[in-house]
Amino acid sequence: QVQLLESGGGSVPSGGSTRLSCAVSKYTSGDAGLVMGWFRQAPGKEREVVACIKWSGDSTYYADSVKGRFTISRDDAKDTLYLQMNSLKHDDTAMYYCAAGPFWSPKPRVTQFNYWGQGTQVTVSS
């Protein structure tokens, strides 16, 4: 069973940057096809996909709203997933979640991911 723990976030000024981290534990060699993702949920809105990556690193996906501003990456040696967030906007304010799932899709959906972290809040002040 994969365990996920997010860190980072906090309050950031509009136009600023921050980086989220997700420590992945109990990851095994059998999870070589593991797909990792960052999701977000703002108050009163549905949870949405932000960015996804295969743990192998050979495929990534970004929501249109974050393309060119956010970068997803992972560090094998540290078993950590990252989300670098630049040029932040007020609309990026949300609880951000790290998640893991077994299947890659060119258009990932929330329901494809079965392991979730507890989330970390990002608040962008305008």
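The present account deals with the structure reproduced in this document. The structure presented is a predicted model; accordingly, all values stated were derived computationally and were not measured. (Residues numbered from 1 in each chain as written. Predicted model: local features only at pLDDT ≥ 70, side-chain atom pairs only at ≥ 80, totals over all residues. Heavy atoms only, no water.)

Details of the overall build of the chain
- Helix and strand counts for the chain stand at zero helices and 11 strands.
- In sequence order, the secondary structure elements of the chain are arranged as β-β-β-β-β-β-β-β-β-β-β.
- A compact globule built from 126 residues would reach a C-alpha radius of gyration of about 14 Å, and the chain, at 14 Å, matches this within 12%.
- Counting only C-alpha atoms, the chain reaches 45 × 25 × 25 Å along its principal axes. (Helix = DSSP H or I, 4+ residues; strand = E, 2+ residues; numbered from the N terminus. Rg over C-alpha atoms; globule rule 2.2 N^0.38 Å.)

Section: the side chain of T93
- With respect to the helices and strands, the residue T93 is situated in the loop between β8 (80-85) and β9 (94-101).
- When its relative accessible area of 19% is taken as the criterion, T93 is described as buried.
- Only 2.9 Å separates the side chain of T93 from the backbone nitrogen of V124, close enough to count as a polar contact.
- Setting aside residues no more than four positions away along its own chain, T93 makes contact with A42, Q121, V122, T123 and V124. (Buried < 20%, exposed > 50% of the residue type's maximum accessible area, 1.4 Å probe, protein only. Polar contact = N/O pair within 3.5 Å; in protein donor to acceptor, adjacent residues only side chain to side chain. Contact = heavy atoms within 4.5 Å.)

Quick look at the sheet that holds β8
- Strand order in the open sheet made by the four strands is β1-β3-β8-β7, with antiparallel pairing throughout. The open sheet has two edge strands, β1 (3-7) and β7 (70-75), and neither has a second partner. For this sheet the average axis-to-axis angle between neighbouring strands, irrespective of direction, equals 20°.
- Direction of pairing for β7 relative to β8: antiparallel, over a ladder of six bridges. Looking at β8, one finds that R74 is bridged to L81. (Pairing = 2+ DSSP bridges. Axes fitted to C-alpha atoms, helices over the stretch in contact; angles between N-to-C directions.)

Things to note about the pattern of salt bridges
- Within the structure shown, the criterion is met by five salt bridges.
- Residues E48 and R40 are paired through a salt bridge, measuring 2.7 Å at the closest nitrogen-oxygen approach.
- What makes R40 buried here is its relative accessible area of 6%.
- Between D64 and K67 there is a salt bridge, and its shortest N-O distance comes to 3.2 Å.
- Since its relative accessible area comes to 63%, D64 is described here as exposed.
- What makes K67 exposed here is its relative accessible area of 52%.
- Each of R40, E48, R69 and D92 takes part in one network of salt bridges that share partners. (Salt bridge = Lys/Arg side-chain N within 4 Å of Asp/Glu carboxyl O.)

Here we look at the pairing of β8
- Most of β8 is tucked away: five of the six residues are buried.
- When strand β3 (residues 18-25) meets β8, the two strands line up antiparallel, connected through six bridges. Of the residues in β8, the one forming a bridge with C22 is L81.
- Connecting β7 to the antiparallel partner β8 that follows it, the hairpin turn spans four residues, and D79 within it adopts a positive phi of roughly 50°.

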